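Breakdown of the fold
The residues making up each chain are set out below.
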Amino acid sequence: MAAAEGSLVPEGRASLAAFLLGASVAALPLLLSAPPALLAGPGLQGRAALALHVAGINALLLLLYRPPLYRIAIRACFLGFAFGCGLLLSVGQSSWKHFGWYMCSLSLFHYSEYLVTAINNPRSLSLDSFLLNHSFEYTLAALSSWIEFTVEKIIYPEMKHITWLSTVGLLMVIFGDCLRKAAMLTAGSNFNHIVQNEKSDTHTLVTSGVYGWFRHPSYVGWFYWSIGTQVLLCNPVCVVGYTLASWRFFRERIEEEEFTLIHFFGAEYLEYKKRVPSGLPFIKGVKVEL
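What you see is a predicted model; the values in this text were computed from it and never measured.

Here is what the cut-offs are and how they apply
Residues numbered from 1 in each chain as written. Predicted model: local features only at pLDDT ≥ 70, side-chain atom pairs only at ≥ 80, totals over all residues. Heavy atoms only, no water. Helix = DSSP H or I, 4+ residues; strand = E, 2+ residues; numbered from the N terminus. Rg over C-alpha atoms; globule rule 2.2 N^0.38 Å. Buried < 20%, exposed > 50% of the residue type's maximum accessible area, 1.4 Å probe, protein only. Patch = residues over 30% accessible without salt bridge, like charges linked within 9 Å, V, L, I, M, F, W, Y side chains within 5 Å. Areas by Shrake-Rupley, 256 points an atom, 1.4 Å probe, with all protein chains shown as cover. Salt bridge = Lys/Arg side-chain N within 4 Å of Asp/Glu carboxyl O. Phe/Tyr/Trp six-rings, centres within 6.5 Å; stacked < 30°, edge-to-face > 60°. Expected span 1.5 Å × (residues − 1). Axes fitted to C-alpha atoms, helices over the stretch in contact; angles between N-to-C directions. Parallel < 35°, antiparallel > 145°, perpendicular 65-115°, else oblique. Left-handed = near helix turned anticlockwise from the far one by under 90°. Contact = heavy atoms within 4.5 Å. Nonpolar A, V, L, I, M, F, W, Y, C, P; charged D, E, K, R; others polar. Domains from an automatic or database assignment. Buried area = accessible area lost by both parts, 1.4 Å probe. 1 Å grid on protein atoms, 1.4 Å probe; cavity = no way out; pocket = protein on both sides within 12 Å on 5 of 7 lines; lining within 4 Å. Points joined across faces, edges and corners; volume = space filled by probe spheres on them.

**A few points about the overall build of the protein chain**
Helices and strands together make up the secondary structure of the protein chain, namely 11 helices and zero strands. In sequence order, the protein chain lays out its α and β elements as α-α-α-α-α-α-α-α-α-α-α. On C-alpha atoms alone, the protein chain measures out to a radius of gyration of 21 Å, which is about the 19 Å that the 2.2 N^0.38 rule sets for 290 residues. Each principal axis of the C-alpha distribution contributes one length, and for the protein chain these read about 70 × 50 × 30 Å. Counting the 290 residues in the protein chain, one finds 47% classified as buried.

Following this line, the structure appears as structure tokens:
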């Protein structure tokens, strides 16, 4: 996975090309001189066009990449395809417009996790960097939000057309994702998706940039991003559920991480902990008795 300093590793380049190929589905209406609603709708012609597009891209990826890179490319392409379909749903007056915003937000979040890791810390790069298999609970939460959105849309469709509320959710999503990616970029090779138990020779305590605002800006960003996705979808049940579940998850994660940080950096981290808040409401981190 070696690459010249400042360049993107082959895995990153393959993922970016595949993501853009998948997202090219958004250009089909222009190529076919058809309205976006034709592809986003239930019609046979739109489904056939999408199926042919997917088959063609998959064949191209098989020709371009051997198995190790193909496994990366197919995941990035899937996320790009979801992003492109989200754009199609977002255009015009589709009743699924806000769900299109959600699809764009979700797919871009997961793809950018991989891309930023490829830029920042390629040594830790793996298929898990997409965070698509984060946990059973994460998958269950996503499925729950889709079910709630669909059921409420059928029973009370007006509930899913509160544009101002969905806009607030979209702004939360953008803020949260930008904060998380800023934290990843600021931390550089010090950032890892897995809490480290052993301190590497290059591991330093980052306190500048967004880390001067919060001790855990990547978690703050993810926290508000996750809640924002449910505000965007106007899912009242999942807004509450996501808030409680995310808060509990990050409370436990921060305590686990701060144990290792205190072990790694000792008094330096304790002083930093006194100066800078965690960034998450009612979470102060691990308690240390001196």
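**Quick look at a nonpolar patch on the surface**
On the surface, Leu143, Trp146, Ile147, Val151, Ile154, Ile155 and Tyr156 cluster together into a nonpolar patch covering about 740 Å² of accessible area. With respect to the helices and strands, Tyr156 occurs in the loop between α7 (136-155) and α8 (163-187).

**Section: the packing of aromatic side chains**
One pass over the structure, following the stated rule, counts 16 aromatic pairs. For the pair Phe109 and Trp222, a centre-to-centre distance of 5.6 Å together with 45° between the ring planes defines the contact as tilted. One end of the pair, Phe109, is in helix α6 (residues 97-120); the other, Trp222, is in helix α9 (residues 217-232), and 113 residues separate them in sequence. Here Trp222 falls in the buried class, since its relative accessible area comes to 9%. On the numbers, 4.1 Å between centres and 20° between planes, the contact of Phe109 with Trp225 is stacked. Residue Phe109 is located in helix α6, and its partner Trp225 is located in helix α9; the two are separated by 116 residues in the primary sequence. Judged by its relative accessible area of 0%, Phe109 falls in the buried class. The buried category is assigned to Trp225, whose relative accessible area is 3%. Taken together, the ring pairs in this structure connect Phe109, Tyr138, Tyr219, Trp222, Trp225, Phe249 and Phe250 into an aromatic cluster.

**Quick look at helix α10 (residues 236-265)**
End to end, α10 covers 42 Å across 30 residues, agreeing with the expected 44 Å (1.5 Å per residue, within 8%). Downstream of α10 by one or two residues, Gly266 has phi in the positive range, about 60°.

**Focus: the packing of α6 against α9**
Packing of α6 against α9 leaves a shortest axis separation of 9 Å and a crossing angle of 160°. Between α6 and α9, the crossing angle belongs to the class labelled roughly antiparallel. Note that α6 runs across α9; the crossing there is left-handed. Between α6, through His98, Trp101, Tyr102, Ser105, Leu106 and Phe109, and α9, the contact on the second element is made entirely by Trp222, Trp225, Thr229, Gln230 and Leu232. Residue composition of the contact of α6 with α9, grouped by class: seven nonpolar, four polar and no charged.

**A word on the domain arrangement of the protein chain**
What the domain assignment reports for the protein chain is domain 1 (1-133) and domain 2 (135-289). The centre of domain 1, based on its C-alpha atoms, is set 24 Å off from the matching centre of domain 2. At the junction of the two partners, domain 1 supplies 20 residues and domain 2 supplies 31 residues. The three residues of domain 1 that bury the most area against domain 2 are His98, Tyr102 and Phe109, which together make up 27% of that side's buried surface. On inspection of domain 1 and its partner domain 2, the count reaches two salt bridges. Between Lys181 and Glu113 there is a salt bridge, with the nearest N and O atoms lying 2.9 Å from each other.

**Thoughts on empty space enclosed by the protein**
Applying the stated criterion across every chain, the model contains one cavity of 30 Å³ or more. Taken together, Thr117, Asn121, Ser124, Phe191, Asn192 and His193 form the lining of the largest cavity. Considered class by class, the residues forming the lining of the largest cavity number one nonpolar, five polar and no charged. In terms of domain composition, the lining of the largest cavity takes at least three residues from each of domain 1 (1-133) and domain 2 (135-289).

**What about the environment of Ala27?**
Tracing the chain through its elements places Ala27 in the loop between α1 (10-23) and α2 (28-32). The spacing of Ala27 and Lys287 is 260 residues in sequence and 53 Å in space, taken between C-alpha atoms.

**Notes on the layout of surface pockets**
Quantified by volume, the largest pocket comes out at close to 700 Å³. Surrounding the largest pocket, 36 residues form its lining, Phe191, Asn192, Ile194, Tyr219 and Glu257 being those nearest its centre. Broken down by secondary-structure element, the contributors of at least two residues to the lining of the largest pocket are α8, α9, α10 and α11 (267-275). Among the elements that line the lining of the largest pocket, the one with the most residues is α10, at seven residues. Shared between two domains, the lining of the largest pocket takes at least three residues from each, and those domains are domain 1 (1-133) and domain 2 (135-289).

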